[in-house]
Each structure stands twice: as C-alpha cells, then as structure tokens.
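# Close look at the chain arrangement
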Amino acid sequence: MALGALAAPVCVRAQSGDGDEQPSSAVNLKASGLLQEKLPEEAQDRAPTFVSGERIEGQTDGVTTVEGDAELRRHDTVIRADRLEFDQRSREARARGDVLINRAGDRFEGPELQLNVDTFEGHFEQPEFTLLNNEGKGDASRLDFLGEDKAVAHDARYSTCPRTPGADWMPDWLIRATRIEFDNVAEIGKATGGVLEFKGVPLLGWPYFTFPLTDTRKSGLLPPTINIDNINGLELTLPYYLNIAPNLDATLYPTLMSKRGVDLGAEVRYLQPAYAGQVRGAYMPSDPLRDSDRWGYSWQHNQSLSGTRLALGGSAGLRFNVNRVSDDDYWRDFPRATASLTTRLLAGDAVLSWNRGPWSVSAGAYSWQTLQDIDAPIVPPYDRLPSIAVRYSRGDARLAGLNDWNWSLTGEYTRFESDPLLTGQTNGSRSLAIADLSRRWQTPGWFIQPRAQLHATQYHFDDPLANGARSASRVLPTLSLDGGLVFERDARYFGRQFVQTLEPRAFFTWTPYRDQSLLPNYDSAANDFNFATIFSENVFGGNDRISDTRAVTVGASSRLLDPDSGAEIVRVGLAQRYLIRDQNVFLPNASGLPGGDPVQERLSDILLATRVQWSPRWMVDTNFQYSPGSREAVRTTLAARYTPSRYRVLSAAYRLQRGVSEQYEFGWQWPLNDLWEKSARSPVPGRGLGAGQWYSVGRINYSVPDKKVVDLVAGFEYDAGCWIGRIVLERLQRSALSANQRILFQLEFSGFSRLGSNPLKTLKDNVPRYQYLREEINPPSRFQQYD
C-alpha cells in the first residue's frame, strides 16, 4: 500500500487566483485502451507522482508544503487534505483538515494523518474507512498503518451496511471491538474484545475472533448453526474449517442434539490434476433413540489414469462411490445425512474403465446396502461381483458396397449375488454377447433407419432351476425399421409469424418368442411408458428379459418455431403402438416366480404431450396416457410455470397415476412488496431487488388420496440490503406414518457471516427455480471508488 518515493518523475501544478492551472513540468503520456488494476513492479517504480494545490512552497531535499485543495496522486494512491507537508529526507507526510487516502479503492477519511510514504507506516486520527472488496465500512478513534497490507483500528466499529451522510452512523448490524486488525495478506479481520450487535442487541461476544475480508477460504471456526427438529430437538452445530492446502480442506461439524446427544461429523475434500474426491462421515455414540452407536460414511473418488504408462495406450479411469450406514433406520433418523438419491439403497461401486479408439473396457464391483422397513419391505437388488464388459464400435463400416453403416460388438460377464431368501431366486453368473448393425439415411425432409441385433446369453446357476437345470442359454434376433417425414410451412397465429412443422413417424420392430419364464431376473425391469420407449425394440430394461415384441408404432408431432431464433414455441406429439401378435414374455412376480398374463390388447395406451412456451415468461407442459379399453386417463401430468423476471417464479403441477397416486404441487418465490408497491422493482445483478424487500418462498405437495400435505417447505426472506433474514418451515414425509419436521431460521450479514440454520440448501433443493438473493459476482475494481 506504499505511495512510492517522490524520486520518481513528479508533475507539480499550482492554481492561480483565477483558477488557471500553471504546469511546472511535462510528462510524456502513452495512450492505452485498458485501465490496469495493478502495475508491474518495474512500472510502479517509474510511475510519476502528481502534486497539486492552490499554494505550493518548499526547497530541494527539504519540506514541501501544499495548501488549499492539496492532493498527491500516484498510480493507485491518492492523498487529499486542506494542508499537506512532505519531508523528502524522512519520507514523512503530514496532512490536516478533511484528509482522504484512497489506496486501491480502500478509502480512509479523518482530520489528521501522519504517514511514511515509503513503508506506509503511520497513523490516522479518528478515521472513517470504506473497504472495496467486501464493501466493509467502519470508524475508529485511531488507525495505525503497519505496512502496505496491515492496519489496526482502535475502539473500532465495523459493518457492511451503508453509511448515512450527515448523521451519527448506527447501522443495523456492526462489530464493536477494542481492536480490529485488517490483514490484506491473509484477507481476514481479527477482532479483540469484540461483540456482534444486531439492531442494538448483542448477539455474540468473544474475546478474540476472525472474520473474512474476501471470499478466500480460511481456517477457523465457522458460524454456529441452530435447528429445531421434531426428532432431534434443538440442534447446535459448531463447525471448524481447515484450509489445509489450496487443493485440500476439511470441515469438522460436531452437532449437539438435545434429544439424542452428540453427532461427530467431518468432511474431507481433495483435488489433484489427475483425481478428485471427498470423504464424509459421522458417528453418534449411544444414540438414545435406538439405544446403540450410530454411524455413516461416504466416499466419492474419480481418477484419470491417462497419465500413467498403459501397455495398450488409450485412456483409463478409476471411480469409487461407497456409501454405508450402521443400521436400517439410519435413513429415517438422519434424513439429511446422505446425498444418495435412493435413501434406502446405498451404492458401493468400484469401477475401472479403459478406452482407445473403437475399443472400450470396464471392470467393476457393484454392491448395495438395502435399508429395510418392516412396514414397507423392498426386494434388494443384486450385487454384481464382478461385472466385466468389452465393447467394439465402428461407424464407418463398408458392407456390400454401402458406406456409413454403424456396428458394434459387446461382450459382458457378470456374477450376481444376493440373499435367495429375499429375492426368491438362485444366484449365478451371466455371459452375454450383443451384435448391433444399423444405418441411417437422412435428408431435410425424411429419414429411414433399419437396424438388426443379435442377443446371445449364457447362464450358470448356484442352485438348479425348477426344471433341474444348472445352466441355460438364449439367442434372440431383433429387427427394426424406423422412418419419418418432415413437412414445413409458414404460418401465422395470434398475429405472430411461425415456421410450422408436421413430422409423422412410424416404427416397426420384430423379435421372435423365446420361453424365458424359468430364467431368473437379475437386472430387468419394465421401461417407463413414454415417447422415448414407445419407439424402442424392447419393453424391458436390462438383459434378462427380451420381449417378443412384434409391433408397429405410429405417431406424429407438430412444432411452431420462431423464424428468427429457431426457438421452439409449441410442440404437440401423439403416439400409439399396435401389437401384431400377443406378447408372451413378462416379468416374474415380486417373489421371483413366473407370473402374469400375456399382453393381448392389440392397441396400447395413447400418449399425448404438449409443451407451450409462448414467451420466456410462460411455460405449460402436459402429458397424458389414455387407455382406449377403460376409456380413462391412466397417467396425467399438467405443469405450468410463470417467470416474469429474476426472483419471481410461480409453478403449479398436477400428477395422476391412476390407482397409485394423485398429487398437487405448488412452488413459488415472489417479492411481497409487489402487493403494495405500484411498480415492481428491477433486479440488481447479484443483489436481489434491493433493500427493504420481503419475499415468500416455498413448495407444497398435497396428496389427494391421503388428504394431507406430504411435503412442505415454506417461509419468508427479508432483504435489508446489508443483511438478509430467513425463516423456513420444512416438513418432509419419510414413511406412511412418520414425517420429519424442523424450523430453519438464519441471519445473513452481507460480506461477513451467517448465523442460525442453513435453509439455503433446503430452498434450492425443493423450490423450483429458486435463486439466491446474494450471488457470486466478479471481483470489484478499484476504479469503482476511483477519485
């Protein structure tokens, strides 16, 4: 933060009584189209120093005195005062009367300053200051400059709230301390004898604590979080962050639960050029809720092995995803402890992969921990220990004089293991080989794609099947033909020009029947019935069941496109499948035994989908699955969203799956000030809609059969400019008879810290299109406060 020596080129100017400037020397200036935030060291040494004022007097190697609008300016530093004295021998500067220092955007103002311009050591009496990086503001009885990057404020106040001109400054929140040290190297503030006040009420007091001056990571205590939970009671978490290295950190988060005791949690994250990952774990000794020790851990790791010497060349990778907990009730008692999308199925995977050109190989072990519920048991999936796959794929084959045929060969070996008492099936191994050949001809107005597949499978079982066999095999060919047309025309609807398309499509598939009723089902399941699967060969996923589908699917879609941007404004689609012969292959029942009836209905359900986004603000999405036999909708989804601007979104949805569920869902984020203000405010980038703004946020999921709200996240946010308050009620259904409820509240002091709970993640995960009121923006420039 040094001003630099006046031995550099100096330009001095004095103003005459009529205000005309009288230059005393000239400086060669060089044109530049870019303002530089920081000059190189060699350029700083050559940077000129400008001194100006109404009256200047002095002598060589003596004291220079400037009076009346005195100013010293050099690169990123400005000193202004009514009177400025500079001793060229001691390099000491003294300034009195409305003194201002602007150093790289940090401003200090007060009545009197003494400063060494070489070492930037000195003191400022009764200063007020404004820091650029975090918009921090404050005052003190005295400020000591300890060099370019350090300063100490005595009897200080500090806040990021705006300063009120012409009045005694009393911000909504502030830190009072006997001493605050500002360290721009470590980018932290260190408060001694400090207390945090909000609206004049002390919230936290501590003999010594630190706080951030930038967003840079730093070791130390993080603000405590407080929750009120119906299972845990009052939760108090005191996290400690360890910034071990730029690519390695850890967080300790011990949590005290009033109803259950202490939960000891920790997380470690690491990042290297070739690999990255994180480890997270928690341990609760003697949990009174279950009268046992509780624990859980997870490990995610991804690594590239391309930098190692591979005998066959190519690139390789290694992936681990391990999740384990102590007992079956962990998912219910610690509902936010795992990031798994399936809270009762915890994956444990280790996969090694390699690829080079058309070749790809993977070898992995895949296991599951299944958390059972006595009221809703589930059949555990099979562990695959191991699963090895090899694939060769080419897209440039030349067959029978035809170019651009795509073909592939896939081989796989998998060992399946689970508890036969739970699955009702024997364990075993499966080897399979799949050959695939296809070709697509396409023009702007049509396309056609024939495809042929051959699927060969060999099984070996630990125990004999119902027919006494310990092995089985199956070979099945599949042929399909996909084709469609594309018509376009100019159209005009509701006074708006469009390009309208009509795109009919037909899909034929043929697979002969093979009796698969005695084969175990290790990984097959029925595909969801939608627009993607209705145009596919197999109605099942996985490789244990291949449906004897002999069918024709016909459909059509029409779109309205914006002729200028090509954006899709409206899409309407319709499709139905016609079975030429009965489908006699079906999945086994829940016990793993053959069951079910052949599919004899020739016409499938009708799929109808529409999507309308007439403007960026409005979006309507509908999906219908209609059964011609029962003449009613089997599944219905109606969804709409209104997003007029940032921080304003309303969404609603209705979902029906007949005989299974029927739900309404509403989500929103909306400024309540719109209800009583005549005009809506415009958003400020990274700063919400400005100070004094109330928001309502939430999502409600209502079950019609149960006649109750199953999931609820709702609350309020208040943006005061330099602080944000949040209170959120969360109710998440965990089972048919239990729900987890908690109250989240938080005070966020802008540029400083957050106190209370952590509702931000809950809002982001549950409220559609939720936006943070404070977002990451580009680092500030010193030219924002340049004068």
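Structure's up top.
Here goes a summary of the coordinates provided. On a predicted model such as this, the values are computed, not experimentally measured, just so you know.

### Side note on the pattern of salt bridges
- Applying the stated criterion across every chain yields a total of 49 salt bridges.
- Between arginine 142 and aspartate 144 there is a salt bridge, with the nearest N and O atoms lying 2.8 Å from each other.
- Classification of arginine 142 by relative accessible area gives partly exposed; the value is 30%.
- On the basis of relative accessible area, aspartate 144 is assigned to the buried category, the value being 16%.
- Between arginine 559 and glutamate 568 there is a salt bridge, with its nearest N and O atoms 3.7 Å apart.

### Brief notes about the nonpolar core
- Among the nonpolar cores identified, the biggest contains 42 residues, and Leu113, Phe145, Tyr158, Trp173, Ile175, Ile180 and Phe211 are the most heavily contacted of them.
- Broken down by element, the residue count for this core peaks at 5 residues, all from strand E14 (residues 173-183).
- Residue contacts for tryptophan 173: discarding those within four places in its chain leaves Tyr158, Ser159, Thr160, Cys161, Leu196, Glu197, Phe198, Cys722, Trp723, Phe749, Ser750 and Phe752.

### Considering the environment of proline 520
- With respect to the helices and strands, the residue proline 520 is situated in the loop between strand E36 (496-510) and strand E37 (525-526).
- The spatial distance from the C-alpha of proline 520 to the C-alpha of aspartate 544 is 7.4 Å, given a sequence separation of 24 residues.
- With residues near it in sequence (within four places) discarded, proline 520 still touches Gln425, Phe461, Leu465, Asp544 and Arg545.

### So, the packing of aromatic side chains
- Tallied over the full model, the rule gives 32 aromatic pairs.
- Ring centres of phenylalanine 108 and phenylalanine 145 lie 5.3 Å apart, and the angle between their planes is 85°; on these two criteria the pair is classed as edge-to-face. Placement of phenylalanine 108 in strand E8 (residues 106-116) and of phenylalanine 145 in strand E12 (residues 142-146) is noted, with a sequence separation of 37 residues between them. Both residues of the pair, phenylalanine 108 and phenylalanine 145, count as buried.
- Lying across the ring of phenylalanine 535, arginine 505 places its NZ or CZ 4.0 Å from the centre.

### Some remarks on the pairing of strand E21 (residues 248-252)
- Here strand E20 (residues 240-245) runs beside E21; their pairing, made up of 4 bridges, is antiparallel. Counterpart to tyrosine 240 in the pairing with E21 is leucine 252.
- Hairpin connection of E20 to E21: 2 residues between the antiparallel strands.
- Two elements, E21 and strand E23 (residues 261-271), share 5 bridges in a ladder whose sense is antiparallel. Within the sheet, the bridge partner assigned to threonine 251 lies in E23 and is glutamate 267.

### Quick notes on the state of the cysteines
- If you walk through the whole model with that rule in mind, you get 1 disulfide.
- The residue that forms a disulfide with cysteine 161 is cysteine 722, at a sulfur-sulfur distance of 1.9 Å. Around the S-S axis, the bridge from cysteine 161 to cysteine 722 shows a dihedral of about 65° and counts as right-handed. Pair noted here: cysteine 161 is in the loop between strand E13 (150-159) and E14 and cysteine 722 is in the loop between strand E47 (708-719) and strand E48 (723-733), with a separation of 561 residues, a long-range link.

### Quick word on the side chain of arginine 648
- As for its placement among the helices and strands, arginine 648 is situated in strand E44 (residues 648-657).
- At 2.9 Å, the side chain of arginine 648 forms a polar contact with the side chain of serine 645.

### A few points about helix H4 (residues 759-766)
- Along H4, the positions that sit buried rather than exposed are Pro759, Leu760, Thr762, Leu763 and Asn766. Along the long axis of H4, the arc covered by the buried residues comes to 165°, so they all point the same way. Turned more than 90 degrees from where H4 packs its buried face, Lys761 and Asp765 sit exposed.
- As for H4, its buried residues are in contact with strand E46 (693-703), E47, E48, strand E49 (739-749) and strand E50 (753-756).

Quick notes on the rules
Residues numbered from 1 in each chain as written. Predicted model: local features only at pLDDT ≥ 70, side-chain atom pairs only at ≥ 80, totals over all residues. Heavy atoms only, no water. Salt bridge = Lys/Arg side-chain N within 4 Å of Asp/Glu carboxyl O. Buried < 20%, exposed > 50% of the residue type's maximum accessible area, 1.4 Å probe, protein only. Core = buried A, V, L, I, M, F, W, Y, C linked by side-chain atoms within 4.5 Å. Helix = DSSP H or I, 4+ residues; strand = E, 2+ residues; numbered from the N terminus. Contact = heavy atoms within 4.5 Å. Phe/Tyr/Trp six-rings, centres within 6.5 Å; stacked < 30°, edge-to-face > 60°. Lys NZ or Arg CZ within 6 Å of the ring centre and 35° of its normal. Pairing = 2+ DSSP bridges. Disulfide = S-S within 2.5 Å. Polar contact = N/O pair within 3.5 Å; in protein donor to acceptor, adjacent residues only side chain to side chain. Arc of directions from axis to C-beta.

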